[in-house]
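Overview (structure and organization)
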Amino acid sequence: MAKILIIDDEPGIRTTLADILHDEGHRTTLCESGEEGLAQYAREEVDLIILDLWLPGIDGMAVLERLRAAGAPPVIVVSGHGNVDTAVRATRLGAYDFLEKPLSLERVLLTVNHALADRRLREQVRDLRRHLTLEELLIGESDVMKKLDQQVRSAAPSNSRVLITGENGSGKEIVARNLHRLSHRAEQPFIDVNCAAIPEELIESELFGHRKGAFTGAIDERKGKFELADGGTLFLDEIGDMSLKTQAKVLRVLQEQTFQKVGGQQTITVDVRVIAATNKDLEAEIGGGSFRSDLYYRLNVIPIEVPPLRTRGNDIVLLAEYFLRRFAAESGAPRKKLSAGAATKLRAYHWPGNVRELRNVIERLAILLPGETIEAEDIQLGTRAEAVAPIAANLTLKEARDEFEKQYILARLKELAGNVSRTADALGVERSNLYRKLHAYGIRVERP
Ligand SMILES: Nc1ncnc2c1ncn2[C@@H]1O[C@H](COP(=O)(O)OP(=O)(O)OP(=O)(O)O)[C@@H](O)[C@H]1O
Ligand SMILES: [Mg+2]
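Note on numbering: residues in each chain are counted from 1, in written sequence order. By the order in which they are written, chains take letters starting at A while ligands take numbers starting at 1. Local features in a predicted model are, by the rule used here, given only for residues with pLDDT of at least 70; side-chain atom pairs are given and counted only at 80 or more, and totals for whole chains, interfaces and linings are based on all residues. The side-chain quantities take in all heavy atoms of the structure and omit both hydrogens and water.

Some thoughts on the overall build of the protein
Operational definition: Going along the chain from the N terminus, every DSSP run of H or I of four or more residues is numbered as a helix, and every run of E of two or more is numbered as a strand. In this setup the radius of gyration rests on C-alpha atoms only. A globule is expected at 2.2 Å times the number of residues raised to 0.38. For every residue, the accessible area obtained with a 1.4 Å probe (protein chains only) is divided by the maximum for its type, and the residue is called buried under 20%, exposed over 50%, and partly exposed between those limits.
The helix and strand inventory of the protein stands at 18 helices and 16 strands. Since a compact globule built from 448 residues should have a radius of gyration of about 22 Å, the 31 Å found for the protein marks it as more spread out than a globular shape. The dimensions of the protein, computed from C-alpha atoms along their principal axes, are 100 × 60 × 40 Å. Each of the 448 residues in the protein was classed as buried or not, and the buried ones make up 44%.

Written out as structure tokens, the structure is:
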């Protein structure tokens, strides 16, 4: 059954259309002018609109334009016999199709069915897009990431609570979204709450909602995140930053699956799967008295640990290439490539900010670098305080030795303003030897 809005000034046509559409099981709303039709559309969403182009007052073409601008569903226009120009103009303005007067009922039904099928398809595509957005794609082929993927796939379909731990920017939120997407609750809402970002005095109302007038500023009754997530998944992010008082309240909901709104008496029951995440060591927090152990055990039914980026070997390069592809696609600019030296430099770095840091580094290069190829020298990593960036455990001994040697030479050269003789002295090697190494590592000496 669909809801169809009919805008036509001829009463005979309105009722004929309404009759055949009712016979097909649809619901109709009838309007006799453009003004009335627009007002009705603003009041109630419909699945399809049938619009006469010849109307008293505001003309059908103008109505069509406004409907399209408002993002209306498909509009089928009705035009006088032989009025092909008008029909073409309407199609250009975004009409789905046109019907000629006198109306053939068979053709009306056919066109309506096509338009409705088309709308359903578009909605499905939109839903699919919503379900697997780029923000949910977990890139990685390393053993640790394969293991993570397996854990996510086996934990997702169960209703168990999951506690995701991992360093900053390692992908905890992506993991949570995948757990939801691959669960039986995928069609239901995924609601996330950043426990660290909400002020202490608001978090209860945020989680449980409030009644009108429960506190100053509570002008309306409001649903909390637990209620919004009913049937779906509630993602409690940065759970380690939740106050002890709020922890006690959350614990009660987890035990009883019921709660009350702030200022409310009525008990609300919900069916919510809770997934929590933190970059803190909760066992240490428990030891320090800032996290409740009973809440920890309730949340930590299935633990999932997201590995730090520096342990993912060549995934670093895969991710960098993936981000280069994405930024190129988003900006329309040609995709930049990584030189072999640049790839090694990325793999060698220890990535304290994990995937988020890598993404930022690549984004900067994608935007700022004029050339097509990213060389090792173009990449600035870490803080300036670290002359030689710590080297991660992804390299062979030879690669690591070369990487260290190269970075060390670069750092000393910089300190000594690019003076090769003084750098050779400082490093205790022959000048010719240093030149050979500079050449081998592709280091060009720029003297100020
Ligand atoms: N395996 C991956 N593949 C593709 N993108 C990823 C991957 N892991 C993380 N990202 C991207 O890196 C960024 C950080 O990921 P996310 O927000 O999930 O990390 P987090 O662990 O929740 O970070 P924080 O601790 O700071 O909250 C996001 O933009 C995310 O899309
Ligand atoms: Mg996060």
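Things to note about the site of ligand 1
Defined as follows: Think of it this way: one heavy atom of a residue within 4 Å of a molecule or strand is enough to make that residue near it. Two N or O atoms count as a polar contact when they lie within 3.5 Å, although within protein this holds only if one can serve as hydrogen donor and the other as acceptor, and sequence-adjacent residues are included solely when both atoms are side-chain atoms. A 1.4 Å probe and the Shrake-Rupley method give the accessible areas. Residues count as covered only by the protein chains that appear here. Put simply, Ala, Val, Leu, Ile, Met, Phe, Trp, Tyr, Cys and Pro go in the nonpolar bin, Asp, Glu, Lys and Arg in the charged bin, and everything else, Gly too, in the polar bin. Domain limits in this description derive from either an automatic procedure or a database domain assignment.
Close contacts around ligand 1 come from 21 residues, with I139, G169, K172, R356 and R359 the closest. L137 places a polar main-chain atom, nitrogen or oxygen, 3.3 Å from a nitrogen atom of ligand 1. In isolation ligand 1 offers 630 Å² of accessible surface; the protein chains occlude 92% of this area. Among the elements of the structure, helix 7 (172–181), helix 13 (315–331) and helix 15 (354–368) are those that each provide at least two residues to the shell around ligand 1. Each residue belonging to the shell around ligand 1 can be placed in one class, and the counts come to 9 nonpolar, 5 polar and 7 charged. Shared between two domains, the shell around ligand 1 holds at least three residues of each, these being domain 2 (140–307) and domain 3 (309–395).

Remarks on helix 8 (residues 200–208)
Of the positions making up helix 8, those classed as buried are I203, E204, S205, E206, L207 and F208. At the exit of helix 8 stands G209, carrying a positive phi of roughly 85 degrees.

Here's the deal with the side chain of E403
To keep things clear, this is the line we draw: The convention is simple: Lys and Arg are positive, Asp and Glu are negative, and His and the chain ends are not counted. Between Lys or Arg on one side and Asp or Glu on the other, a salt bridge is scored when a side-chain nitrogen of the former is within 4 Å of a carboxyl oxygen of the latter. The contact criterion used is simple: two residues touch if any of their non-hydrogen atoms lie within 4.5 Å.
Assignment of secondary structure puts E403 in helix 16 (residues 397–415). One buried charged side chain, E403, makes no salt bridge at all; its nearest oppositely charged neighbour is K406, positioned 5.1 Å away. Not counting residues within four places of it along the chain, the set of residues in contact with E403 comprises T344, K345, A348, I391 and L395.

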